[in-house]
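Coordinate inspection notes
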Amino acid sequence: MPAIDAQDLIERYIGVWNEPDPEIRRKTVQDLWTEDGLHVLRPPQEMHERAMGLGFPTAVLEARGHDELHARVTRAYDEFVAPGTYVFRIQEAARQLRDVITFRWESFHTGEEQVTGGGLEFLVLGEDGRIKVDYQFVD
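Now for a quick tour of the structure. (Residues numbered from 1 in each chain as written. Predicted model: local features only at pLDDT ≥ 70, side-chain atom pairs only at ≥ 80, totals over all residues. Heavy atoms only, no water.)

Mapped onto the elements of the fold, glutamate 106 is located in strand S4 (residues 100-109). Among the residues examined, glutamate 106 registers a relative accessible area of 10% and is labelled buried. In this structure the side chain of glutamate 106 is engaged in a polar contact, spanning 2.6 Å, whose partner is the side chain of arginine 89. Beyond its immediate chain neighbours, meaning those up to four positions away, glutamate 106 contacts Val87, Phe88, Arg89, Gln91, Val115, Gly117 and Gly118. (Helix = DSSP H or I, 4+ residues; strand = E, 2+ residues; numbered from the N terminus. Buried < 20%, exposed > 50% of the residue type's maximum accessible area, 1.4 Å probe, protein only. Polar contact = N/O pair within 3.5 Å; in protein donor to acceptor, adjacent residues only side chain to side chain. Contact = heavy atoms within 4.5 Å.)

So, in C-alpha cells, the structure goes:
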C-alpha cells in the first residue's frame, strides 16, 4: 500500500460532501473510493429504532461502487449543503493504524452558527490507498 497522508485524505473526503460541482464531485468519488468501494451508514438511533419497530432486523444502509457512492454523496449535498443550511467539517484529526483511518466529523448549521450533529468515520483502505470500506456512524 502506498504511503497515505491520512489528514489529506479526510480533508478530501469531507470536501466531496460539500462540493457544489457535480463533475468534480464524481471525479473525487472515483479518486477517493475503489471501484467496488462500500459506504455503510449506521443511521441515528431514532431512525434505527423506527426501522426496528417496523420489523426490520437492521437499519444499516449501503452504497457500493462509484455510481451509488456518487448518488449518496450528491443526495446528502442536495439535502443539507446546497440550500446553504449546513456544511460538513472535520471535528477530530485523522488517526491511522495500518490500513484503517478514523476521524470525527460534524454538521454545522450556517444560519444558527452551531454544530447540530456529526459522527465517526471508520475508513478501511485498499491496496491502492483508496477507500475500500467506509463505515459511518451518525451520532
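After presenting the structure, the write-up continues.
A word on the layout of surface pockets. Computed from the structure, the largest pocket encloses a volume of approximately 630 Å³. Forming the boundary of the largest pocket are 25 residues, of which Leu41, Arg72, Phe80, Trp105 and Val138 lie nearest the centre. For the lining of the largest pocket, the secondary-structure elements that each account for two or more residues are helix H1 (6-18), helix H3 (45-53), helix H4 (65-81), strand S3 (86-97), S4, strand S5 (114-125) and strand S6 (131-138). Looking at the lining of the largest pocket, the element that brings in the most residues is H4, giving five residues. Class assignment for the residues of the lining of the largest pocket results in 13 nonpolar, five polar and seven charged. (1 Å grid on protein atoms, 1.4 Å probe; cavity = no way out; pocket = protein on both sides within 12 Å on 5 of 7 lines; lining within 4 Å. Points joined across faces, edges and corners; volume = space filled by probe spheres on them. Nonpolar A, V, L, I, M, F, W, Y, C, P; charged D, E, K, R; others polar.)

Packing of helix H2 (residues 22-32) against H4 brings their axes to within 9 Å, and their N-to-C directions diverge by 130°. Classed by the angle they form, the pair H2 and H4 counts as oblique. Relative to H4, the crossing made by H2 is right-handed. Seen from H2, the contacting residues are Pro22, Arg25, Arg26, Val29 and Gln30; seen from H4, they are His66, Asp67, Leu69, His70, Val73, Thr74 and Tyr77. When the residues that make up the contact of H2 with H4 are grouped by side-chain class, the tally is five nonpolar, four polar and three charged. (Axes fitted to C-alpha atoms, helices over the stretch in contact; angles between N-to-C directions. Parallel < 35°, antiparallel > 145°, perpendicular 65-115°, else oblique. Left-handed = near helix turned anticlockwise from the far one by under 90°.)

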